Amino acid sequence: MPDLKQTVAEFGWPRVIIFLFLVALFVLAPFVGVRLDDSLTNVLNRFGQNAVFVLAMVPMIQSGCGLNFGLSLGIIAGLLGGILSGQLGLAGAAGFFGAIALASPFAVLLGLGYGKLLNKVKGEEMTIAMYVGFASVMFMCIMWLVLPFSNPTMIWGYGGKGLRTTISVEKFYRGVLNNFLMIKAGEHLRIPTGTLLFDALCAYLMWGFLKTRTGTAVTAVGSNPDYARASGLSVDRMRTVSVVISTFLGAVGILVYQQSYGFMQLYGAPLQMPFAAVAAILIGGASVNKASMLNVILGTFLFQGLLTMTPSVINAALQTDMSEVVRLIVSNGIIVYALTRKTRVAK
Amino acid sequence: MNATTAKRKLKPADLAIRIGLVVLYFLLLALVYTRGRTHTLLLDNKELDGGRLPAFEDVLVSVNGAEPIELYAEDRDLVTLKGQSHRIVLESAADGRKIEKRITLPIGEDMLLLSLPKLAAGEEGAIEVFVPLDAAPPAEDEALPEELGATEMPAEPAPGAAPSEAPPAQ
Amino acid sequence: MSGKLDLKRFLSGNAVILVFVLISAAAIPASKLSGTYIVQEMLTRIGRNSFLVLALLLPIYAGMGLNFGMTLGAMAGQLGLICAVNWGITGVEGLAFAALIGMPISIALGYVCGSILNKAKGREMVTGYMLGFFINGVYQFTVLYFMGMVIPIRNASILLSRGFGIRNTLNLESVRQSLDLLWSLKAGPYVLPMSTYLVLAALCVFIVWFRRTKLGQDMRAVGFDMGVAEAAGIPVDRTRVIAIVISTVLACFGQIIFLQNMGNMATYNAHDQTSFFAVAALLVGGASVKKATIPNVFIGVVLLHVLFVVSPRAGQNLFGSAQIGEYFRQFIGYGVIALSLVLYATRERREAAALRASTYGAGRKAAAAGGSV
């Protein structure tokens, strides 16, 4: 019994409560007329869409940079890649992987700059990352209006200038991963195998990376910078590596998201995305300076499960849409909770 | 936690100050409530009891010395009044008769009806609670779900959303 | 050494303010707005916004950085206003009523916020920011579901037609500008809301006085070095909580003043940008995370709002799109916050590194001296 108690205490009460809440929602679902297979399809879809974002949190947490509230930089790189791919008229798998390839240079450059910046401000990374992210998103808002893109499906019909707020990727790379090997079990249950496999591949690569020399160095720098410095590792270099990887994964993440969701969202949309990813990995049991693949998978599943199940079940049961409020409280509550856990702040 | 933050004995003087502050708080609340409580008063110039109290043919009503309102028989008008005690001056245009009265409004009511003939006759019950027939609110401004959706998780400004500070409009 | 270095230090110390003056200098003529209009806007906006910015000062003295948790106070103020409208209390009394209702709520929220920030020492800002979002959820839950369902609302016209939850827009006609117009002065083409200015002056006097009290001194000691303050017998945690409580209560009053000037309230988003505007203004005024003065507040409010007033027009005239100006001002707002946080953190680290070098250096010199003897 004390074992259980200790496990729960380590995992954190808020997470246990969220877990139980989700279980309760799944149990309740059939009673209020929500189909379980429908829900499962939804959860799996959203899991596939978001897993890469959550994975992007891992390297920076490991290297001691904290939660990447500036993930929007990676998202911006991904959006640029997607738009360039659309502009070049690439479609299908070529469009998707072309977009990743085109996004990479932006992601690496932005990641390098972002990493350099974060090295200068150790101890204040999170607040600064947040505002750097906000400012970049706003800067890109101006760019989306000004840059000379010309593909008619992407720019505003009237005026012929400026990119649309939402652009359909139907003709570019919609469903490239989702439809790959999709399993259709019955009318309601569809499993987006391709996306899940891609997520698994990314997670495997990340897991593998963390086992390599560089990967262990990144972790060492995060867990004990003084020791790492003493043993001849360049703290700043390892941190920059982690930031670049995180930014790159942010870029890949948004493209995975788009191919499943069906639309590119420009302008203010990236403002909110980092917070969801941060909340997810924390719900999965990560702390501000320690995260594992298990945290990513569990967290994405719990958080996305909650986002899918709350509206459908609560709406059906109470006839009111409380999902937004539940989401606000759960996701921000878990972030506050994680920030107040005792951890060393690296200076 | 060190010794200073641990249980500190309250001196009686401090306790008195604290109680005093709480009392002051509630006094202020009560004062502001009574002084700021606003009522809508309907000035009603209709005959009552089948002609026993006839309406004024043409009357000037001034509330708290404000610009008078002119009411003909069977007219009704409304004024918004802050506080409970008010001075009302009626001046009949027909015979120049002037009546000055002080009325006290019940604090809990939003909308009240003042019968001018009853007031002039000095009878009880000149003021009664008025319940409007169409109490239901007009059905505008119902875009709630979208509105909430727009506030997404980190409630940051959406692009193109109206800035919280109004842009210059001149 | 001195001349060049001084100039460099001056530039880095005032980089934010200089960048801002330059941008504004370029944007004002481009906007083609009249000087009179801009000056009047500034006079209004000083009255409207300064109180909220002043609310940020105490936590800075206490070394807790920018209090992004001020949003909590803003929400308490909004709850107060909802009550005032609900009970039909109008005019200045309505505002006082809202402030009196908001005060205990903001004290409670401030206490919660302060206690949580004590558990997150070293990352108060990001925690306060996220806490603002979290309490926003609780606020929405209260206002959207509880009001009219659990908390009785007597004024049906402020409820949604479904019978519970407050409408998206709360009409504040009943208290609109009642503080501003209590005593307003006409000077030439300008209207000065003197009563609001008096309230601001009173707050400034309070802050100056507070700094000199025992508590204020303790607060600055805590802000300077928590360890030293602790050793000197100052109750560190308690002092920090008090700083946040006062700041939250001031933010509550500030939001009421802000909204009475605006005249209506977006029930569910009016507080979204409160901390953004206040923090950006303070930083633009030359303050840093560790040091802020009353002049910083007023310089900042004027500079930030000049840019906010002119940039949509400047965007319209320069690029043919007001939207660009709109994005631009938000970019500048966020950018200024990021820039001054970066400048501050870099300076802090450089100083820490210099200190480390000097102690190591001294040690080595001593060792060398010892060896040579």
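All values reported here derive from a predicted model rather than from experimental measurement.

1. Some words on the overall build of chain B
Then, in step 1: Of regular secondary structure, chain B possesses 3 helices and 8 strands.
Then, in step 2: Scanning chain B from its N terminus toward the C terminus, one meets helices and strands in the order α-β-β-β-β-β-β-β-α-β-α.
Then, in step 3: Taking contacts inside chain B between residues at least 6 apart in sequence as the whole, the part at least 24 apart equals 57%.
Then, in step 4: Carbon and sulfur atoms make up 58% of the accessible area of chain B, which amounts to about 10200 Å² in all.

2. Observations concerning the overall build of chain C
Then, in step 1: Helix and strand counts for chain C come out as 14 helices and 4 strands.
Then, in step 2: Rg of the C-alpha trace for chain C: 23 Å, near the compact-globule value of 21 Å for 373 residues, within the 12% margin.
Then, in step 3: For chain C, the spread of C-alpha atoms along the principal axes amounts to about 90 × 50 × 35 Å.
Then, in step 4: Within the span of chain C, comprising 373 residues, buried residues form 57% of the whole.
Then, in step 5: If you sum the accessible surface of chain C, you get close to 14600 Å²; carbon and sulfur atoms cover 68% of it.

3. Details of the nonpolar core
If you look at soluble globular proteins, the nonpolar side chains tend to sit buried side by side.
Then, in step 1: By size, the foremost hydrophobic cluster in this structure holds 236 residues, and its most contacted members are Phe69(A), Tyr131(A), Leu163(A), Ile281(A), Leu66(C), Ile166(C) and Leu282(C).
Then, in step 2: The greatest single-element share of this core, amounting to 15 residues, is contributed by helix 6 (residues 125-146) of chain A.
Then, in step 3: One finds Val59(B), Val63(B), Ile69(B) and Leu81(B) within the second-largest nonpolar core, a separate group that totals 20 residues.

4. Thoughts on the packing of helix 6 of chain A against helix 7 (residues 124-146) of chain C
Then, in step 1: The N-to-C vectors of helix 6 of chain A and helix 7 of chain C enclose an angle of 60°; their axes lie 7 Å apart at closest approach. Classified by the angle their axes make, helix 6 of chain A and helix 7 of chain C are oblique. Where helix 6 of chain A approaches helix 7 of chain C, its residues Met126(A), Thr127(A), Met130(A), Tyr131(A) and Phe134(A) are matched on the opposing element by Met125(C), Val126(C) and Tyr129(C).
Then, in step 2: Taken together, the residues of the contact of helix 6 of chain A with helix 7 of chain C sort by class into 7 nonpolar, 1 polar and no charged.

5. Digging into the pairing of strand 2 (residues 184-187) of chain C
Residue and element names in this part refer to chain C.
Then, in step 1: Pairing of strand 2 with strand 3 (residues 190-193) involves 4 bridges; the strand directions are antiparallel. The residue bridging Leu185 from the neighbouring strand is Leu192, located in strand 3.
Then, in step 2: Where strand 2 hands over to strand 3, the hairpin turn is made up of 2 residues, of which Gly188 adopts a positive phi near 60°.

6. Details of the sheet that holds strand 1 (residues 38-45) of chain B
Residue and element names in this part refer to chain B.
Then, in step 1: Read from one edge of the open sheet, 4 strands run 4-1-7-8, paired in mixed fashion. Only two strands of the sheet have a single partner each, and these edge strands are strand 4 (75-82) and strand 8 (127-129). Within the sheet, the average angular offset between the axes of one strand and its neighbour, ignoring direction, is 30°.
Then, in step 2: Examined bridge by bridge, strand 1 and strand 7 (residues 111-115) share 5 bridges and lie parallel to one another. Directly across from Leu41, in strand 7, lies its bridge partner Leu112.

7. Comments concerning the sheet that holds strand 3 (residues 69-72) of chain B
Residues and elements named next belong to chain B.
Then, in step 1: Strand order across the open sheet formed by 4 strands is 3-2-5-6, with antiparallel pairing between neighbours. Each edge of the sheet is formed by a strand with only one pairing partner; in this case those strands are strand 3 and strand 6 (98-104). Adjacent strand axes in the sheet meet at a mean angle of 25°, parallel and antiparallel pairs treated alike.
Then, in step 2: Note that strand 2 (residues 58-63) and strand 3 share 4 bridges and pair antiparallel.

8. Observations regarding helix 10 (residues 235-261) of chain A
Along an α-helix, residues three or four positions apart point the same way, because every turn accommodates 3.6 residues.
Residues and elements named next belong to chain A.
Then, in step 1: Between its first and last C-alpha atoms helix 10 spans 38 Å; for 27 residues at 1.5 Å apiece the expected length is 39 Å, and the two agree.
Then, in step 2: The buried count for helix 10 comes to 21 of 27 residues, which makes it a mostly enclosed element.
Then, in step 3: Backbone geometry just after helix 10 places Gly262 at a positive phi near 100°.

9. What to know about the packing of aromatic side chains
Then, in step 1: Using the criterion set out here, one finds 31 aromatic pairs over all chains in the structure.
Then, in step 2: Arranged with centres 6.0 Å apart and planes meeting at 45°, the rings of Tyr131(A) and Tyr334(C) form a pair that is tilted. On the criterion of chain membership, the pair formed by Tyr131(A) in helix 6 and Tyr334(C) in helix 14 (residues 322-372) is interchain, its members lying in two chains. Across the pair, Tyr334(C) and Tyr131(A) agree in class, each one buried.
Then, in step 3: Pairwise contacts between aromatic rings join Phe69(A), Tyr131(A), Phe134(A), Phe275(A), Phe68(C), Tyr129(C), Phe133(C), Phe276(C), Phe277(C), Phe308(C) and Tyr334(C) into one cluster.
Then, in step 4: The cationic tip of Arg211(C) hangs over the ring face of Tyr61(C); the distance from NZ or CZ to the ring centre is 4.5 Å.

Calculation criteria
Residues numbered from 1 in each chain as written. Chains lettered and ligands numbered in written order. Predicted model: local features only at pLDDT ≥ 70, side-chain atom pairs only at ≥ 80, totals over all residues. Heavy atoms only, no water. Helix = DSSP H or I, 4+ residues; strand = E, 2+ residues; numbered from the N terminus. Contact = heavy atoms within 4.5 Å. Areas by Shrake-Rupley, 256 points an atom, 1.4 Å probe, with all protein chains shown as cover. Rg over C-alpha atoms; globule rule 2.2 N^0.38 Å. Buried < 20%, exposed > 50% of the residue type's maximum accessible area, 1.4 Å probe, protein only. Core = buried A, V, L, I, M, F, W, Y, C linked by side-chain atoms within 4.5 Å. Axes fitted to C-alpha atoms, helices over the stretch in contact; angles between N-to-C directions. Parallel < 35°, antiparallel > 145°, perpendicular 65-115°, else oblique. Nonpolar A, V, L, I, M, F, W, Y, C, P; charged D, E, K, R; others polar. Pairing = 2+ DSSP bridges. Expected span 1.5 Å × (residues − 1). Phe/Tyr/Trp six-rings, centres within 6.5 Å; stacked < 30°, edge-to-face > 60°. Lys NZ or Arg CZ within 6 Å of the ring centre and 35° of its normal.

These results come straight from atomic positions and should not be treated as a statement about function.
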